[in-house]
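Structural features, examined
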Amino acid sequence: GLPLASFRRYYWRVGWGDARGRISPLSRTASFGTGALSARDWTARWIEPRSLRLFKTKGTTLLGRDLGDVIQARGVYLRKEFRAPRDAVRAAVFICGLGHYELRLNGRKVGDHVLDPGWTDYARRALYAAYDVTGRLASRNAFGVVLGNGRHIPTYGYGGPRLFLELVIERRDGSELRVVSDGSWMSGRGPILENGLYDGEVCDARLEARGWDKPGFAARSWAPVKETGGPALVAQTMPAVRVVRTIRPRRALTTAPGVRIFDFGQNLAGWVRIAVRGPRGAEVRLRHAEILHEDGSLNTSPNQNAAATDVYRLEGRGIETYEPRFSYHGFRYAEIRTGPSRVRLLRAEARAVRSAVETAGRFRSSHPLINRVQANILRGQASNLMSIPTDCPQRDERHGWLGDAHLAAEQACFNFDLAAFWAKFVEDIRLSQRKDGSLPDVVPPYYKQLYPSDPAWGTAYPQLVWLLYWRYGDDRALAAHYASVKRYVDFLWSRSRGGLLKNLGKYGDWCPPGSIGPKKTPLALTSTFYLYHDTGLFVRMAETLGQTSVARRYAARRETIGAAFNGAFLRDGEYAGRRFGPADRAPSQTSQILPLALGLVPSRARRSVIGALMRSVVDDRDFHLDTGIIGTRYLLEVLTAIGRGDAAFRVATQTSYPGWGYMIREGATTLWERWEKMTGGGMNSHNHIMLGSVGAWFYGALAGIRCLAPGWARMAVQPLVPAGLRSVRAAHRTVRGVVKAGWARDDGLFRLSVEIPVGVAADIVLPMASPSAEVRADDRLVWKQGRAVPHPDVEFVRDRRREGALVLRVGSGRYDFAVS
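Each chain has its residues counted from 1, following the order in which its sequence is written. Predicted model: local features are reported for residues with pLDDT of at least 70 only, side-chain atom pairs are reported and counted for 80 or more only, and whole-chain, interface and lining totals are derived from all residues. For the side-chain quantities, the full set of heavy atoms in the structure was used; hydrogens and water were omitted.

**What to know about the overall build of the chain**
Our working definition: In DSSP terms, a helix is any run of H or I states spanning at least four residues, a strand is any run of E spanning at least two, and both are numbered starting from the N terminus. As defined in this context, the radius of gyration uses C-alpha atoms, and a globule is described by 2.2 Å times the residue total to the power 0.38. Accessibility here uses a 1.4 Å probe with only protein chains present; expressed as a share of the type maximum, an area under 20% marks a residue as buried, one over 50% as exposed, and anything in between as partly exposed. Contacts between residues were defined by any pair of non-hydrogen atoms, one from each residue, lying within 4.5 Å. Each accessible area is a Shrake-Rupley estimate made with a 1.4 Å probe; only the visible protein chains count as cover when residues are assessed. When charges are counted, Lys and Arg contribute as positive and Asp and Glu as negative, whereas His and the chain ends are disregarded. Note that the charge is assigned to NZ on lysines, CZ on arginines, CG on aspartates and CD on glutamates.
Assigned secondary structure in the chain consists of 15 helices and 46 strands. A globule of 820 residues ought to have a C-alpha radius of gyration of about 28 Å, and the chain, at 29 Å, matches this closely. Each principal axis of the C-alpha atoms in the chain carries an extent, and together these give about 90 × 75 × 55 Å. Within the chain, the fraction of its 820 residues that count as buried is 58%. Put simply, of all contacts in the chain between residues at least 6 apart along the chain, 72% involve residues at least 24 apart. By element, 47% of the accessible surface of the chain is carried by carbon and sulfur atoms, the whole surface being about 32800 Å². When the 118 basic and 78 acidic side-chain charges of the chain are each reduced to a single mean position, those positions are 2 Å apart.

In structure tokens:
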């Protein structure tokens, strides 16, 4: 057909035909819209007030460095009246308001986005959203836009609030009318005073100019805006941040006259919405925290420099409802102070906020602790999907730390549909890359001093690009990021000597038990491991894209790195770890785990390295982990792969320190940043996701759901059946459809039910406790007395009785297997 045009809506239907000439009915009509396909198609201009009212807050502290006070703008209010033709058949508005905006048309909010647009490096690009407002137009209309600071502030090298808006009205005769942001707009003041992501929002309802966002408003004190510059615009194609849930408090207690603390029963990211009645000018103050002091008062220590306080001053007209627009908090508890005034608090409820990605997985087992850990993972991951994968929602940070992103990525993909989310984020990473190929530790790179990244953080780039291809079949990601990943891998190589990377490590195996920095695992070991890991990933990318000569060259480089790794770190049958005196003979778990995870261990040393790992896990730690975030990511997978799934299960279900169960025993409703329960002002977030990598093991090992080819074209169901588990049920929505796996055992019978999507081939790996076991598929024998029995829907692949398993292959459909 014709080339697509900007600002149009296209309609389509689909049907099928076959070789016999049969034609299906057509589907329902669907549609999609286009934005600006070229920057030349925009007619709007960036606008901002001629003057800003500013306020100052305490600056953030990152990695122990005080970064100074933060200067931000009070809320900016903009308006524009316009007329719409009576023969309008379609109207769409395209908007980007920096740092965040709320769009209103004729007195009502447009859309349900919050904290929009998603965060980016505004020196490179900003995201715009599109809204269909066809049914909202009258003959006389008014746009009202409120702007907040968000990340678009001078502290990060940007300017103040600004707006870009283009309304495209299509008339019945095909002609267009446009209403755009330009110098004709007016700017005024409103009730939002201070607003910032960390400190909260101050709203004085007495300053509300009634009708300012409606036609006919007398804007006598309002002034014309000025046109200004702004970043390049790109469509926001990932799901927007939205309010996804409203939570009523579990309990409330009064700690002093006019002071109440509300417990919402779980840690979350968002804010509190209140309904109040009281005299004009009375003040309600809301403070947020994850934990309480022993006396029941609010403990804000983990917030560090984030004030996390919202203030509302009443207009004094009946029942008033308030919730912030341009801030969010990480909290379980909210303290609401009405003071000695006659304010009546009628309602308080938490509003959970995140990127509104769809749920993609379900997991449940017969083990209550495993289920609790899974629930904590879901809450923690949801709290840290905020247009970028953040580290935590409560303190003065909330950045896209690359380490947190890649460590939790596989788990996150099992639980949520993140195809568009990751596609946006890997582009953020690409745009953050410097000419020398280096990447920062946080993306977007709001802190320029965090270049170059620790290799254990920068690995997020090749890993997430490969994840988009492997899990979602997105080969476009490989092509788009191939050159930049190559530059990054070349940067790592340029900083190595003889295949060893000794001078880039900063964090390494972060947060092992009892420590912040790596305790027993050398930085050079983790850095060189990721040099090997990322070089190998790039080889796979080059092979997939047909770059065979490049793949061969980098494969040879990878062999050099692997040899150097073993030469430097493998000694006397185990990999190097720090020793704290002559009596410390415990091997570093992470040092053994990482080379085992990638098959780096020479065959002559494999048994001794496995022995060193098991000695540490079983003998030295009594089935407890001693790993930071890097080792934890691979620990359970490695134990399962070496045939010690029983040990992996015991580690995963510990209720004593350190372990996920210990967190739950101490009252955690999300995962912690550290293995210790800490309630002071140190590095002690109670809502981090980097230790949530265990969630991928729940799906991949306990349920056994594994992807074997890009886009799930081939898969396996290979459940681990540890002694302490009776049943598991899981489902995951892949790009090819939903795969389900559920197993249970009782009275000597093991049952496995699977559902395989259309077009997918699956290997079913069944546990065989005895060579004489009988195997049935849908009540028909497929294996008896050590021999395969023909079955119309099941193909025998191989007998792996020495490994205690039988492998069958099936196509799409539902199957019920039973093993005696």
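**Observations concerning a nonpolar patch on the surface**
Selection rule: What goes into a patch is any residue over 30% in relative accessible area without a salt bridge, connected to like charges within 9 Å or, for nonpolar side chains (Val, Leu, Ile, Met, Phe, Trp, Tyr), within 5 Å. Salt bridges are defined as contacts in which a side-chain nitrogen from Lys or Arg sits within 4 Å of a carboxyl oxygen from Asp or Glu.
On the surface, Leu 4, Trp 12, Val 14, Phe 32 and Leu 37 cluster together to form a nonpolar patch covering roughly 480 Å² of accessible area. On the secondary structure map, Phe 32 appears in strand S2 (residues 30-33). For Phe 32, a relative accessible area of 36% gives the class partly exposed.

**Considering the sheet that holds strand S10 (residues 100-105)**
Stated formally: The pairing criterion for strands is at least two bridges between them, as found by DSSP.
Within the open sheet, the six strands sit side by side as S11-S10-S13-S8-S16-S19. Their pairing is antiparallel. Every interior strand has two partners, whereas the edge strands, strand S11 (108-109) and strand S19 (223-224), have only one. Note that S10 and strand S13 (residues 140-148) share six bridges and pair antiparallel. Note on S13: the bridge partner recorded for Tyr 101 is Leu 147.

**Overview of the environment of Glu 208**
The topology assignment puts Glu 208 in the loop between strand S18 (200-204) and S19. Among the residues examined, Glu 208 registers a relative accessible area of 32% and is labelled partly exposed.

**Quick word on unusual backbone geometry**
Across the junction of Val 443 and Pro 444, the peptide omega takes the value -5°, indicating a cis bond. Examined against the element boundaries, Pro 444 turns out to sit in the loop between helix H4 (419-432) and helix H5 (455-458). Cis peptide bonds are those with omega within 30 degrees of zero, and the linkage from Tyr 451 to Pro 452 qualifies with -20°. Take Pro 452: it is sitting in the loop between H4 and H5.

So far we have only geometry, and geometry alone does not tell us how the molecule works.
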